[in-house]
Amino acid sequence: MNSFNTPLAEVDPEIHGLIKKEYDRVIGTVQLIASENFPSRAVMEATGGPLQHKYAEGFPYLRRKKMDGIREWDRDGRYYEGNVIMDQIERLAIERAQKLFGTEYACVQLFSGAPANECIYHAFLEFGDHAMAMDLANGGHLSHGSPVNFSGQRYNFMPYGVVEETGIIDYDQLARDAKEHQPKMIVAGATAYPRIVDFQKFREISDSVGALLLVDMAHFAGLVAGKAHPTPVGYADVISTTTHKTLRGPRGALILADEERGKAIDRAVFPGIQAGPHLNEIAAKAVCFHQCMQPEFQQYAADVVKNAQFFGDEMMVQGFKLVSDGTDTHLILVDLRDRKYSGNKAAKALIKAGICTNRNMVPGDERPPMQTSGIRLGSPFMTSLGFGEDEFREVARWIKRILDDIKNDDEIENVKNEVSELCASYPHPDFLL
Ligand code: DSN
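Attention in this report is confined to the structure presented alongside it.

Conventions we followed
- Residues numbered from 1 in each chain as written.
- Predicted model: local features only at pLDDT ≥ 70, side-chain atom pairs only at ≥ 80, totals over all residues.
- Heavy atoms only, no water.
- Helix = DSSP H or I, 4+ residues; strand = E, 2+ residues; numbered from the N terminus.
- Rg over C-alpha atoms; globule rule 2.2 N^0.38 Å.
- Buried < 20%, exposed > 50% of the residue type's maximum accessible area, 1.4 Å probe, protein only.
- Contact = heavy atoms within 4.5 Å.
- Pairing = 2+ DSSP bridges.
- Axes fitted to C-alpha atoms, helices over the stretch in contact; angles between N-to-C directions.
- Parallel < 35°, antiparallel > 145°, perpendicular 65-115°, else oblique.
- Left-handed = near helix turned anticlockwise from the far one by under 90°.
- Nonpolar A, V, L, I, M, F, W, Y, C, P; charged D, E, K, R; others polar.
- Phe/Tyr/Trp six-rings, centres within 6.5 Å; stacked < 30°, edge-to-face > 60°.
- Right-handed = clockwise from strand over helix to strand, strands pointing away.

Here we come to the overall build of the protein chain. If you tally the helices and strands in the protein chain, you get 16 helices and 15 strands. Whereas a compact globule of 433 residues would reach a radius of gyration of roughly 22 Å, the protein chain reaches 22 Å, a difference of no more than 12%. Structurally, the protein chain occupies a C-alpha span of about 70 × 65 × 40 Å along its principal axes. The buried share of the protein chain, taken over its 433 residues, is 56%. Within the protein chain, contacts between residues separated by at least 24 positions form 72% of all contacts whose residues are at least 6 apart in sequence.

Below, the structure is given as structure tokens:
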């Protein structure tokens, strides 16, 4: 039996070796998955630090009736003793999240994006209630009412979509459908929508039918934090986001709202859906929010958008068609319907050359989700590692060389060597092992 102090490499060389290999893959190839990012060393240290041990069901505050249910920092909000320090950590994470986004209330205990949405539905909807959200094939998310997901099975979601020719949300149709469907909640936000969502229009449509407006800003939260994207605060009733995408934090999620709705959200998170919060991730979220408040992060967010727009333009120069002809955000969606192969085939060819993307449906797609007619590309990860316009231009050229001649293994090998050479020339983040 090894001692507690024995390093991972000695305790479990197999897993240690695989972690090292994954790190080498990540820094040795080009990561274009729009929802992925490389967190800072500080975030990783907090995540992997010695905070794995504690149970802390409850919150670092109490909501006393005599105080109108307003949060009061108090250790008795926990069901376990020994949380004096953990309370300080969670309190810092909450206060930083509220300051970063300018909301009265933040819950930092959410394990990930789908459970965050589940908690919000649990707080404000009854099973069977009507709701509306973007269709998965038009860029939505499984937890936005997909029939194969809990959300679509427990609640009565009507999907809305985009105008196929423009790729922009069909707000007029959404308004008409909302009148007919009478949703109790409308969800805005998507995983493959390259344009800025019109929060004002969503507010008006929600108000016209008395619906609650949830903005799921998981994809663009980092751009909001870095002031490179309009904020949904002031329009949305409730906001959910993951913390590991453009925010560049640890895996996990966050819910934002006003104090009044926070009461229902707290009850839904605990004891409603989740139990013991992951304090190591909460500490890492606090670090992430701190980093997001620094001026460098605003530069990062601006660079993410600038790089995505430049990359999109270069892809069009190389002959590709983009949904909505470009982007306002961190992602672009390439429509491959003018080609003879699927998005799946394209993504498989690109990964052979060290270019990591994901297949994605495009509006009006006739192929199933396992095949698709598009690929989704994003700039956050490689911008974190220092890529700028020159590098994204090169990546667009590589993608053309591969996708114009998708069965040419020699060309894939040539591109692979060029990818390795470029990636090797970048300063790599320190590895913790
Ligand atoms: N899986 C995420 C994405 O790729 O957009 C959403 O949860």
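In space, the 4 strands of this open sheet follow the order E11-E12-E15-E14, with antiparallel pairing throughout. For this open sheet the edge positions go to strand E11 (321-322) and strand E14 (358-360), each flanked by a neighbour on one side alone. One ladder, built from 2 bridges, connects E11 with strand E12 (residues 331-335); its direction is antiparallel. Across the sheet, the residue bridging to Leu-322 is Val-334, located in E12.

Bringing the packing of helix H15 (residues 389-403) against helix H16 (residues 409-424) into the picture now. To describe two helices that pack against each other, one gives the angle between their axes and the distance between the axes. As a packed pair, H15 and H16 sit with axes 10 Å apart at the nearest point and diverge in direction by 165°. In terms of axis orientation, H15 runs roughly antiparallel to H16. Handedness of the H15/H16 crossing: left-handed. Between H15 and H16, the contacting residues are Glu-391, Glu-394, Trp-398, Arg-401 and Ile-402 on the first element and Glu-411, Ile-412, Asn-414, Val-415, Glu-418, Val-419 and Leu-422 on the second. Of the residues that constitute the contact of H15 with H16, the class distribution is 6 nonpolar, 1 polar and 5 charged.

Here we take up the packing of aromatic side chains. Following the criterion strictly, the structure yields 18 aromatic pairs and no others. Between Phe-38 and Phe-381, the aromatic rings sit 5.9 Å apart at their centres with planes inclined by 70°, giving edge-to-face as the arrangement. With Phe-38 in the loop between strand E1 (30-31) and helix H3 (41-48) and Phe-381 in helix H14 (residues 380-384), this pair connects stretches of sequence that are 343 residues apart. Residue Phe-38 is classed as buried on the basis of its relative accessible area of 11%. For Phe-381, a relative accessible area of 5% puts it in the buried group.

Once that is clear, we can look at the pairing of strand E7 (residues 185-188). Side chains on a regular strand alternate between the two faces of the sheet. Going residue by residue along E7, you find Met-185 and Val-187 tucked away on one face and Ile-186 and Ala-188 tucked away on the opposite face as well. Summarising the sheet, strand E5 (residues 130-134) and E7 pair through 2 bridges and their orientation is parallel. Bridge assignment links Met-132 to a residue of E7, and that residue is Ile-186. Examined bridge by bridge, E7 and strand E8 (residues 212-216) share 4 bridges and lie parallel to one another. Across the sheet, Ile-186 pairs through a bridge with Leu-213, a residue of E8. One crossover worth recording links E7 to the parallel E8 by way of helix H8 (residues 199-209), and it is right-handed.

Across the sheet, 7 strands lie side by side as E4-E10-E9-E8-E7-E5-E6; this open sheet has mixed pairing. Edge positions in the sheet fall to strand E4 (105-107) and strand E6 (156-160), since each of these pairs with one other strand and no more. Going from strand to strand, the sheet's axes swing by 20° on average, the running direction of each strand aside. Alignment of E5 against E6, held across 5 bridges, turns out to be parallel. The residue bridging Ala-131 from the neighbouring strand is Phe-157, located in E6.

On to unusual backbone geometry. The peptide bond linking Phe-270 to Pro-271 adopts the cis configuration, its omega dihedral lying at 10°. Here Pro-271 lies in helix H10 (residues 259-273). With a phi angle near 50°, Gln-182 is a residue other than glycine that sits in the positive phi range. Within the fold, Gln-182 resides in the loop between helix H7 (171-181) and E7. Backbone geometry at Asp-325 places phi at a positive 55°, although glycine is not the residue there. Among the secondary structure elements, Asp-325 is positioned in the loop between E11 and E12. Overall, the relative accessible area of 53% leaves Asp-325 in the exposed class.

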